[in-house]
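Given next are the chains, with one letter for each unit.
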Amino acid sequence: MSETLSLVWLRRDLRLHDNAALYHALKSGRPVLPVFIFDRTILDDLDDRRDRRVEFLVQEIDRLRDELAKMGSAILVRYGKPIDVWKELTGQYTIGDVFANYDYEVYAKERDKAVSELLAEKGIGFHTSKDQTIFDRDEVLSGKRTPYTVFTPYSRNWHGKLNTFYLKAYPTEQYTNQFWKTSVLTVPTLADMNFQPVGEPFPARTTSDKLLDTYDKTRDFPALPHSTSQLSMHLRFGTISVRDLARQANETDDKTFLNELCWRDFYFQVLDHFPHVERHSFRRQYDQIEWRNNEDEFDKWCRGETGYPIVDAGMRQLNTIGWMHNRVRMITASFLCKHLLIDWRWGEAYFGKKLRDYDLSANNGGWQWAAGSGTDAAPYFRVFNPDRQAKRFDAKQEYIRHWIPELDTKSYPQPMVEHSMARQRAVETYKKGLAK
Ligand SMILES: Cc1cc2nc3c(=O)[nH]c(=O)nc-3n(C[C@H](O)[C@H](O)[C@H](O)COP(=O)(O)OP(=O)(O)OC[C@H]3O[C@@H](n4cnc5c(N)ncnc54)[C@H](O)[C@@H]3O)c2cc1C
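So, how was this worked out
Position numbers for residues start from 1 in each chain and track the written sequence from start to end. Per-residue local features are limited, in this predicted model, to residues with pLDDT of at least 70; the limit for side-chain atom pairs, both in listing and counting, is 80 or more; totals at the level of whole chains, interfaces and linings are taken over all residues. The basis for every side-chain value is the complete set of heavy atoms in the structure, and neither hydrogens nor water enter the calculation. Secondary structure follows DSSP: runs of H or I at least 4 residues long count as helices, runs of E at least 2 residues long count as strands, and numbering of each begins at the N terminus. Exposure is judged per residue with a 1.4 Å probe applied to protein chains only, and the accessible area is read against the type maximum: over 50% gives exposed, under 20% gives buried, and values in between give partly exposed. Note on definitions: salt bridges are taken to be side-chain nitrogens of Lys or Arg within 4 Å of carboxyl oxygens of Asp or Glu. Residues are classed as near a molecule or strand on a simple rule: at least one heavy atom within 4 Å of it. Any N or O atom pair separated by 3.5 Å or less is treated as a polar contact, with the protein-specific requirement of one donor-capable and one acceptor-capable atom, and with residues adjacent in sequence counted only for side-chain atom pairs. Only the protein chains shown count as covering a residue, and every accessible area follows the Shrake-Rupley method with a 1.4 Å probe. Classification convention: Asp, Glu, Lys, Arg as charged; Ala, Val, Leu, Ile, Met, Phe, Trp, Tyr, Cys, Pro as nonpolar; all other residues, Gly among them, as polar. An automatic or database domain assignment is the source of the domain bounds shown.

K.L.:
Please provide a residue-by-residue account of unusual backbone geometry, values included.
P.N.:
Even without a glycine there, the phi angle at arginine 145 is positive, about 60 degrees. Inspection of the secondary structure puts arginine 145 in the loop between strand 5 (125-129) and helix 6 (151-161). Note on arginine 145: relative accessible area 60%, which makes it exposed.

Right, dumping it as structure tokens:
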């Protein structure tokens with residue numbers, strides 16, 4: 001009989017430092033083997049075979065493999081459907097327990113339920129922990145013990161509850177002798193999974209105290225080189241610990257950055273408590289709006305050829321580097337929903353394909369905010385004026401000119417829709433839809 005192992009299934013938590021599930025596995029008293037599955041259910045759906053996220057995953061798995069090799073251990077990596085992989089692993093290894101960090105997406109919850117049932121049939125425990133958020137599920141509830149649906153009271157409660165206990169790191173470093181001693185196992189390459197590299201560097205995984213101190217003043221100006229942290233991809237894949245980051249943010253005088261991490265938690269809890277948002281408007285009556293859904297207009301928006309420079313600069317930034325500044329995400333999203341009257345789900349899906357930091361909860365929250373259908377929705381009759389936004393946040397057109405070098409030439413298109421008319425049309429369409 002082979003040695004009984006504890007397996008830790010890494011998913012959105014690709015680090016050995018301050019990892020809740022890993023900590024519990026290391027404390028289980030059995031040798032620990034980390035596992036990662038390149039999930040075919042997700043990867044097979046990606047149209048672009050040069051996908052930054054897959055490239056990043058491979059890079060980070062290689063890093064974990066090297067870190068573990070230094071400790072005489074390994075990471076077990078498979079490419080397949082999770083349920084099939086677990087069937088195989090339970091036949092191959094003697095497993096005592098499996099540890100993982102909790103995931104809030106509908107697909108992930110169903111996946112984990114199926115895997116935990118399979119493991120239970122074989123007498124193997126499946127244990128999940130909170131790791132990717134500071135607070136989750138029912139930790140921050142309203143006075144009526146119901147989930148919050150508006151950010152301000154949620155954030156008040158969130159900040160009020162925050163203390164050193166919730167920000168403390170799991171000291172995994174103290175238990176590294178618990179990793180199973182084994183030779184390095186083979187890890188699939190990008191080519192094995194039929195992907196190619198983009199070959200561009202990924203953002204750094206740290207941020208400076210200086211940025212956090214000045215964040216409130218810089219964060220809305222997309223032309224500034226370090227106006228935001230660009231940590232979203234690391235938070236998405238757990239290559240940094242949100243507790244570490246929140247601790248750093250909590251130590252600065254200005255709490256604006258910390259509040260962004262609160263927004264992040266907020267959208268996770270919205271998705272967790274109101275899973276219908278994945279396909280429907282949070283406010284159901286917004287599903288009655290009659291979108292125009294003009295495909296040619298959608299293509300122009302995707303390509304960054306609307307004739308509204310701030311919108312086009314944002315879309316070109318997204319298409320080129322797989323990331324867009326938050327202020328510009330708000331403007332481009334609002335333009336699609338309100339000016340073009342295109343269903344927010346189309347824009348959400350396009351961002352989902354392109355964003356290197358794509359996260360269902362924040363993306364859905366951002367899109368439903370822009371469409372007016374979400375939790376903190378701005379009233380539908382408030383329509384961003386893209387030119388006014390550009391004057392305010394990119395007064396010298398530095399951001400715009402960086403992404404649209406042909407701005408002053410004839411090849412740059414005229415605005416595809418006139419602002420006042422589009423505003424009026426949006427207000428009337430929304431009004432009609434909501435009155436049904
Ligand atoms: C339409 C739309 C779509 C979005 N899609 C995503 C997405 O798919 N993934 C994603 O991580 N964020 C998304 N956001 C939120 C936000 O734009 C990004 O988190 C941010 O631009 C990432 O850059 P940064 O790391 O430099 O952020 P910073 O400004 O440095 O913020 C630090 C961190 O706080 C979190 N954060 C900041 N703003 C928000 C927010 N409004 N909601 C939730 N978390 C936030 C992120 O994890 C971010 O990395 C979206 C916003 C909008 C309006």
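What follows picks up the thread again.
K.L.:
Outline the pattern of salt bridges, supporting the account with residue identities and numerical values.
P.N.:
Evaluated as defined, the whole model comprises 34 salt bridges. Note that lysine 353 and aspartate 47 form a salt bridge whose closest N and O atoms lie 3.6 Å from each other. Here lysine 353 is found in helix 15 (residues 344-354), whereas its partner aspartate 47 is found in the loop between helix 2 (40-43) and helix 3 (52-70), with 306 residues between them in sequence. The same class applies to lysine 353 and to aspartate 47, which are both exposed. Across the pair arginine 329 and aspartate 357 runs a salt bridge whose closest N-O atoms are separated by 2.8 Å. A residue pair is termed long-range when its members are at least 10 positions apart, and arginine 329 in helix 14 (residues 326-339) and aspartate 357 in the loop between helix 15 and helix 16 (360-371) qualify at 28 residues. With respect to burial, arginine 329 and aspartate 357 carry one shared label: buried. Three or more residues are tied together by salt bridges with common partners; here these are Arg11, Asp103, Arg111 and Asp112.

K.L.:
Mind laying out the site of the ligand, listing which residues take part and the relevant values?
P.N.:
Lining the immediate environment of the ligand, one finds 28 residues, of which Tyr215, Thr228, Ser229, Gln230 and Asn326 sit closest. One of the backbone nitrogen or oxygen atoms of glutamine 230 is found 2.6 Å away from an oxygen atom of the ligand. Tryptophan 323 places a polar side-chain atom, nitrogen or oxygen, 3.3 Å from an oxygen atom of the ligand. Surface burial for the ligand is 96%, taken as the share of its 810 Å² of free accessible area covered by protein chains. Only helix 9 (232-237), helix 11 (256-273), helix 14 and helix 16 provide two or more residues apiece to the shell around the ligand. In terms of residue count, the dominant contributor to the shell around the ligand is helix 11 (six residues). Class assignment of the residues belonging to the shell around the ligand gives a composition of 16 nonpolar, seven polar and five charged. Two domains each donate at least three residues to the shell around the ligand, and these are domain 2 (132-167 + 208-273) and domain 3 (277-435).

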